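Residue-level listing of the chains:
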Amino acid sequence: MNLSNQIAHMLLEMLDETGRAEIQRNELAEKLGCVPSQINYVISSRFTPERGYTVESKRGGGGYIKISRISYTSKDQVFMHIVNSIGESIDEQSARAIIVNLNHNEMLSSDNAKLMLAAINENCYKNAEPELRPKIRASILKQMFLSCT
């Protein structure tokens, strides 16, 4: 198992125990024999809102990083959280991760997920200017989630 997978596995085990992981980056890096930036990389690439996580960090002497699973209480609440977190633009990979995660957690039916995946596919935007595509995709994705509430 490579180092990134080891870090992710360790953090997932912490999350499975309590629903959140609180670490001090330097201590974890020392324990695993890696540089702190490797831990940052794993957290920023694998523990994203699109994948169902929130990350909070405090820098300084007593600094820490807290990772929590987004609690899925009601579909409406989840969809509104997603609409608010999408922002002005979104790339296809991030949009796909949101949809797949929601389908995996049974917040979106397979049929709705398939339709959404088709609507955010890059092929749908090939006639739009490249710099406008993420903005158009974000608007469409937001409207799809708003229509599900």
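Up top is the structure.
These remarks concern the structure in this document. Remember, predicted model here, so these are calculated numbers, not experimental data.

1. Observations regarding the overall build of the chain
Now for step 1: The secondary structure content of the chain amounts to seven helices and three strands.
Now for step 2: Start at the N end of the chain and walk to the C end: the helices and strands fall as α-β-α-α-β-β-α-α-α-α.
Now for step 3: The C-alpha extent of the chain, read off along each of the three principal axes, is 50 × 35 × 30 Å.
Now for step 4: Within the chain, the fraction of its 149 residues that count as buried is 34%.

2. What to know about a nonpolar patch on the surface
Now for step 1: A cluster of nonpolar residues, Leu132, Ile136 and Ile140, forms a patch on the protein surface that exposes about 210 Å² of accessible area.
Now for step 2: Within the element layout of this structure, Leu132 appears in the loop between helix H6 (110-120) and helix H7 (133-148).

3. Description of the pattern of salt bridges
Now for step 1: Applying the stated criterion across every chain, the model contains five salt bridges.
Now for step 2: A salt bridge links Arg133 to Glu122; the nearest nitrogen and oxygen atoms lie 3.1 Å apart. Placement of the pair is Arg133 in helix H7 and Glu122 in the loop between H6 and H7, with a sequence separation of eleven residues.
Now for step 3: When its relative accessible area of 17% is taken as the criterion, Arg133 is described as buried.
Now for step 4: Judged by its relative accessible area of 29%, Glu122 falls in the partly exposed class.
Now for step 5: Across the salt bridge formed by Glu122 and Arg137, the nearest N and O atoms sit 2.5 Å from each other.

4. Brief notes about helix H4 (residues 75-86)
Now for step 1: Over its twelve residues, H4 runs 16 Å from end to end, which matches the ideal 16 Å to within 8%, given 1.5 Å per residue.
Now for step 2: In the core, the buried residues of H4 are packed alongside helix H5 (92-104) and H7.
Now for step 3: Gly87 occupies a position one or two residues after H4 and carries a positive phi of about 80°.

5. Remarks on the packing of aromatic side chains
Now for step 1: This structure, assessed with the given rule, holds two aromatic pairs.
Now for step 2: Between Phe79 and Phe145, the aromatic rings sit 5.2 Å apart at their centres with planes inclined by 45°, giving tilted as the arrangement. Of the two residues, Phe79 is situated in helix H4 and Phe145 in helix H7; the sequence distance between them amounts to 66 residues.
Now for step 3: Judged by its relative accessible area of 0%, Phe145 falls in the buried class.

6. Quick look at the environment of Ile7
Now for step 1: Checked against the element boundaries, Ile7 lands in helix H1 (residues 3-18).
Now for step 2: Contact partners of Ile7, with chain neighbours within four places excluded, come to Leu32, Cys34, Gln38, Ile39 and Val42.

7. Focus: the state of the cysteines
Now for step 1: If you walk through the whole model with that rule in mind, you get zero disulfides.
Now for step 2: Of the cysteine sulfurs around Cys124, a residue in no disulfide, the closest is that of Cys148, at 17 Å.
Now for step 3: Since its relative accessible area comes to 30%, Cys148 is described here as partly exposed.

Parameters at a glance
- Residues numbered from 1 in each chain as written.
- Predicted model: local features only at pLDDT ≥ 70, side-chain atom pairs only at ≥ 80, totals over all residues.
- Heavy atoms only, no water.
- Helix = DSSP H or I, 4+ residues; strand = E, 2+ residues; numbered from the N terminus.
- Buried < 20%, exposed > 50% of the residue type's maximum accessible area, 1.4 Å probe, protein only.
- Patch = residues over 30% accessible without salt bridge, like charges linked within 9 Å, V, L, I, M, F, W, Y side chains within 5 Å.
- Areas by Shrake-Rupley, 256 points an atom, 1.4 Å probe, with all protein chains shown as cover.
- Salt bridge = Lys/Arg side-chain N within 4 Å of Asp/Glu carboxyl O.
- Expected span 1.5 Å × (residues − 1).
- Contact = heavy atoms within 4.5 Å.
- Phe/Tyr/Trp six-rings, centres within 6.5 Å; stacked < 30°, edge-to-face > 60°.
- Disulfide = S-S within 2.5 Å.

Read these as layout, nothing more, since geometry by itself doesn't imply function.
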